[in-house]
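Geometric and topological summary
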Amino acid sequence: MLLNGAVKIVKIHWPVSLKRGSIGFKPEYLTQPDIPSTWRAMETLYDSGKARAIGVSNFSTKKLRDLLKVARVPPAVNQVECHPSWQQPQLHSFCKSNGVHLSAYAPMGSPGGTSGKSRQLLKDPVLNMIAEKLGKSPAQVALRWGLQMGHSVLPKSTNEGRLKENFDVFDWSIPEDLFAKFSEIEQVRLVTGSNFVHETFGAYRSLEELWDGEI
Ligand code: A2P
């Protein structure tokens, strides 16, 4: 995003690295990431004023903790998949106690996604029960849950009616008794990053390694 000629925020998109000169993606392009040195380059951007803020995305709690140990400028944000069916409680607490804002992508569980697991959140019985009680749509309740957790939510829509619906989440709230019900929703990570896991190439041999067990 541009603001007065300066990029507003720059993020490390994934904790992975591709060989210099790679065009497109193939597993053999994966190489060992050097996150401390990438972060130093980000800090240089920040110092120069070219970026107003620097952050990360798709970082596990462990990767964020490791980064905070070496960062001179702490990351402003960790943008991760987060919604009522992937609540990330450990990461949420860590971000909160370390002043890193958690920004949620796929905040409605990516209902348009092609994976079999997508589309499920908006049909979840607990979410639908809460939506019915509040007279809101399941999508609005999912977004409102994110806001009440203190996250920012990044819903996507190409439909005018749904865009309006998704903005209508600021002048009401989910009461405590219904908020407690979110703990009953089955948890599943939708965006696994499996492309970045390979038996030979790159840094991660398994999803466990990529997410440091948060899978
Ligand atoms: P559409 O563009 O047709 O509205 P996410 O942001 O969680 O990844 O989800 C994006 C998907 O959710 C898109 O496929 C979008 O389709 C759909 N979507 C956006 N808003 C709503 C809504 N209020 N109810 C149902 N589906 C929605």
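Let me begin by describing the structure that accompanies this report. Treat the numbers as computed from the prediction; the structure is a model and nothing was measured.

Our focus in this paragraph is the pairing of strand β5 (residues 51-57). Of all seven residues in β5, six are buried; the element is thus mostly enclosed. Note that the unit made of β5, helix α2 (residues 61-70) and strand β6 (residues 77-81) has a crossover that is right-handed.

This part takes up the packing of aromatic side chains. According to the stated counting rule, one finds five aromatic pairs in the structure shown. Ring centres of F25 and F196 lie 5.7 Å apart, and the angle between their planes is 85°; this geometry places the pair in the edge-to-face category. Of this pair, F25 sits in the loop between β3 (17-18) and β4 (30-31) while F196 sits in the loop between α7 (176-179) and α8 (207-210), placing them 171 residues apart in sequence. Overall, the relative accessible area of 35% leaves F25 in the partly exposed class. Judged by centre distance (6.1 Å) and plane angle (25°), the rings of W145 and F182 are stacked. Of this pair, W145 sits in helix α5 (residues 138-148) while F182 is found in the loop between α7 and α8, placing the two residues 37 residues apart along the sequence.

Assignment of secondary structure puts H151 in the loop between α5 and β8 (152-154). Spatially, the C-alpha atom of H151 lies 7.1 Å from that of H101, the residues being 50 residues apart in sequence. Beyond its immediate stretch of four places on either side in the chain, H151 contacts C82, H92, H101, L102, W145 and G146. In this structure the side chain of H151 is engaged in a polar contact, spanning 2.9 Å, whose partner is the side chain of H92.

Right, let's talk about helix α4 (residues 125-134) for a bit. Looking at α4, one finds that the buried residues are V126, L127, I130 and A131. Each buried residue of α4 lies within a common arc of 135° when the element is viewed along its axis, so the set occupies one face. Facing away from the buried side of α4 by more than 90 degrees, the exposed set consists of P125, E132 and K133. Looking at the buried side of α4, the elements it contacts are α5 and α7. The N-capping residue of α4, defined by a side-chain oxygen 2.8 Å from the backbone nitrogen of V126, is D124. A positive phi of about 70° marks G135, the residue just after α4.

Conventions used here
Residues numbered from 1 in each chain as written. Predicted model: local features only at pLDDT ≥ 70, side-chain atom pairs only at ≥ 80, totals over all residues. Heavy atoms only, no water. Buried < 20%, exposed > 50% of the residue type's maximum accessible area, 1.4 Å probe, protein only. Helix = DSSP H or I, 4+ residues; strand = E, 2+ residues; numbered from the N terminus. Right-handed = clockwise from strand over helix to strand, strands pointing away. Phe/Tyr/Trp six-rings, centres within 6.5 Å; stacked < 30°, edge-to-face > 60°. Contact = heavy atoms within 4.5 Å. Polar contact = N/O pair within 3.5 Å; in protein donor to acceptor, adjacent residues only side chain to side chain. Arc of directions from axis to C-beta.

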